[in-house]
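Each chain, letter by letter, is given below.
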Amino acid sequence: QKVPDDNFDAYRVRNAADVPQTWGVWELEFYSDTNCSTQMTGGTAISSSSQPSGFGHSIDHTAPLGLHNTPRTYWQSSPFASHMSFDLHGPAVYGFDGNVTTNWWPTCRNPCQAGTEWLGLNFSAPVPGVKCIRILQDKDREYASFSLTLEGHDHSSGEWVKMATFNAALRDYGGVWEELP
């Protein structure tokens, strides 16, 4: 049954499966159409928690959707190299900045238990419903959630409402854009 979505003032994506380490989200985008072509802009980044700084994991932002035959990146093979900028990892706003070299890290760790962490946008007033999301998670499967729940915040009741769950997402690894209509 379709969840009415005309009275939501915020949306979030929750990890619906355990993440063995820490959940790394490089970018999250909400769309008001099922083709992921009309991105919802504005809103304030919100999250369950945020680390003030992170640690070195990277994505293969050059891989088109579905391709993932690249070796581990330099950052992943040498996690504490001197060239790393730890200030590019942590706050929720980094999950919405359009920059695939920054990311959001929650404070959970080893594991990040299912349903405990989330990242979203607060629009403060009702906006059209989310019909599609795009998410770019960490390339390392130890830092990605392969079951995601989309929730909307009901402006009238103040309650979060489960809208959809995407099980196993599209792949058994992260590091590539996933479209989840």
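Residues numbered from 1 in each chain as written. Predicted model: local features only at pLDDT ≥ 70, side-chain atom pairs only at ≥ 80, totals over all residues. Heavy atoms only, no water.

Things to note about the nonpolar core
Applicable threshold: Grouping buried Ala, Val, Leu, Ile, Met, Phe, Trp, Tyr and Cys residues that are joined through side-chain atoms within 4.5 Å yields what is termed a nonpolar core. For the exposure calls, accessible area comes from a 1.4 Å probe over protein chains only, and a residue counts as buried if that area is under 20% of its type's maximum, exposed if over 50%, partly exposed in between. Helix and strand assignments follow DSSP, with helices taken as H or I runs no shorter than four residues and strands as E runs no shorter than two, numbered in order from the N terminus. What makes two residues a contact is simply this: any of their non-hydrogen atoms within 4.5 Å.
Ranked by size, the top nonpolar core spans 25 residues in total, and within it Tyr-11, Val-13, Trp-23, Phe-30, Ile-133 and Leu-150 carry the most contacts. Taken together, the elements giving at least two residues each to this core come down to strand E1 (8-15), strand E2 (25-31), strand E6 (118-122), strand E7 (132-137), strand E8 (147-154) and strand E9 (160-167). When sequence neighbours within four positions are dropped, the list of residues in contact with Leu-150 reads Arg-12, Val-13, Phe-30, Val-130, Ile-133, Val-161, Lys-162, Met-163, Ala-164 and Phe-166.

Some thoughts on the side chain of Arg-134
On the secondary structure map, Arg-134 appears in strand E7. The exposure class assigned to Arg-134 is buried, which follows from its relative accessible area of 17%. When near neighbours in sequence (up to four residues on either side) are disregarded, Arg-134 contacts Glu-27, Leu-28, Glu-29, Tyr-31, Cys-36, Trp-177, Glu-178 and Glu-179.

Observations regarding the pattern of salt bridges
Our working definition: By salt bridge we mean one thing: a side-chain nitrogen of Lys or Arg within 4 Å of a carboxyl oxygen of Asp or Glu.
Evaluated as defined, the whole model comprises three salt bridges. When the shortest N-O distance is used, the salt bridge between Glu-151 and Arg-12 registers 2.5 Å. Taken together, the residues Glu-151 in strand E8 and Arg-12 in strand E1 connect sequence positions 139 residues apart. For Glu-151, the salt bridge identified is with Arg-14, shortest N-O distance 3.3 Å. Note that Glu-151 is positioned in strand E8 and Arg-14 in strand E1, a separation of 137 residues in sequence.

Quick word on the confidence of the model for the protein chain
Using the following cut-off: pLDDT expresses how confident the predictor is about each individual residue, on a scale running from 0 to 100.
Residues at a pLDDT of 70 or more form 72% of the protein chain, whose mean pLDDT is 79. For the protein chain, per-element mean pLDDT is lowest for helix H1 (residues 74-77), which scores 42, and highest for E6, which scores 98.

Here's the deal with the packing of aromatic side chains
Let me state the cut-off plainly: Stacked, tilted and edge-to-face are the three classes assigned to paired rings of Phe, Tyr and Trp, where Trp is represented by its six-membered ring and a pair needs centres within 6.5 Å; plane angles under 30 degrees give stacked, over 60 edge-to-face, the rest tilted. Charge-over-ring placement is defined geometrically: NZ (Lys) or CZ (Arg) within 6 Å of the ring centre, and within 35 degrees of the ring normal.
Under the definition given, this model contains seven aromatic pairs. On the basis of an interplanar angle of 65° and a centroid distance of 6.5 Å, the ring pair of Tyr-11 and Phe-123 is categorised as edge-to-face. Linking Tyr-11 in strand E1 with Phe-123 in the loop between E6 and E7, this pair joins segments that are 112 residues apart in sequence. Each member of the pair, Tyr-11 as well as Phe-123, is classed as buried. For the pair Trp-23 and Trp-104, a centre-to-centre distance of 5.4 Å together with 75° between the ring planes defines the contact as edge-to-face. Remark: Trp-104 occurs in strand E5 (residues 103-104) and Trp-23 occurs in the loop between E1 and E2; sequence separation between them is 81 residues. Look at Trp-23 and you get buried, because its relative accessible area is 1%. A residue is classified by how much of its surface remains accessible, and Trp-104, at 0% relative accessible area, is buried. What links up through ring pairs into an aromatic cluster is the set Phe-8, Tyr-11, Phe-30, Phe-96 and Phe-123. Lying across the ring of Trp-118, Arg-12 places its NZ or CZ 4.6 Å from the centre. Over the ring of Trp-160 we find Arg-12, and its NZ or CZ is 3.9 Å from the ring centre.

Focus: the side chain of Ser-49
Definition in use: Pairing of N or O atoms within 3.5 Å defines a polar contact, subject to two protein rules: one partner must be a possible hydrogen donor and the other a possible acceptor, and residues neighboring in sequence count only if both atoms are side-chain atoms.
Assignment of secondary structure puts Ser-49 in the loop between strand E3 (44-47) and H1. Judged by its relative accessible area of 15%, Ser-49 falls in the buried class. A distance of 2.9 Å separates the side chain of Ser-49 from the side chain of Glu-117, its partner in a polar contact. What Ser-49 contacts, discounting residues up to four positions off in sequence, is Trp-104, Trp-105, Pro-106, Thr-107 and Glu-117.

Here's the deal with the state of the cysteines
Keep this limit in mind: Here, the term disulfide refers to a pair of cysteine sulfur atoms separated by no more than 2.5 Å.
Tallied over the full model, the rule gives two disulfides. The side chain of Cys-36 participates in a disulfide bridge whose partner is Cys-132; the two sulfur atoms lie 1.8 Å from each other. Measuring handedness by torsion sign, the sulfur bridge of Cys-36 and Cys-132 sits at about -80° and is left-handed. With Cys-36 in the loop between E2 and E3 and Cys-132 in strand E7, this pair connects stretches of sequence that are 96 residues apart. For the pair shown, Cys-36 and Cys-132 are each scored as buried. The disulfide partner of Cys-108 is Cys-112, and the S-S distance across this bridge is 1.6 Å. The chirality of the disulfide connecting Cys-108 with Cys-112 is left-handed, given an S-S dihedral of about -65°. Classification of Cys-108 by relative accessible area gives buried; the value is 11%. Here the disulfide map of the protein chain reads 1-4, 2-3, the bonded cysteines being numbered as they appear in the sequence.

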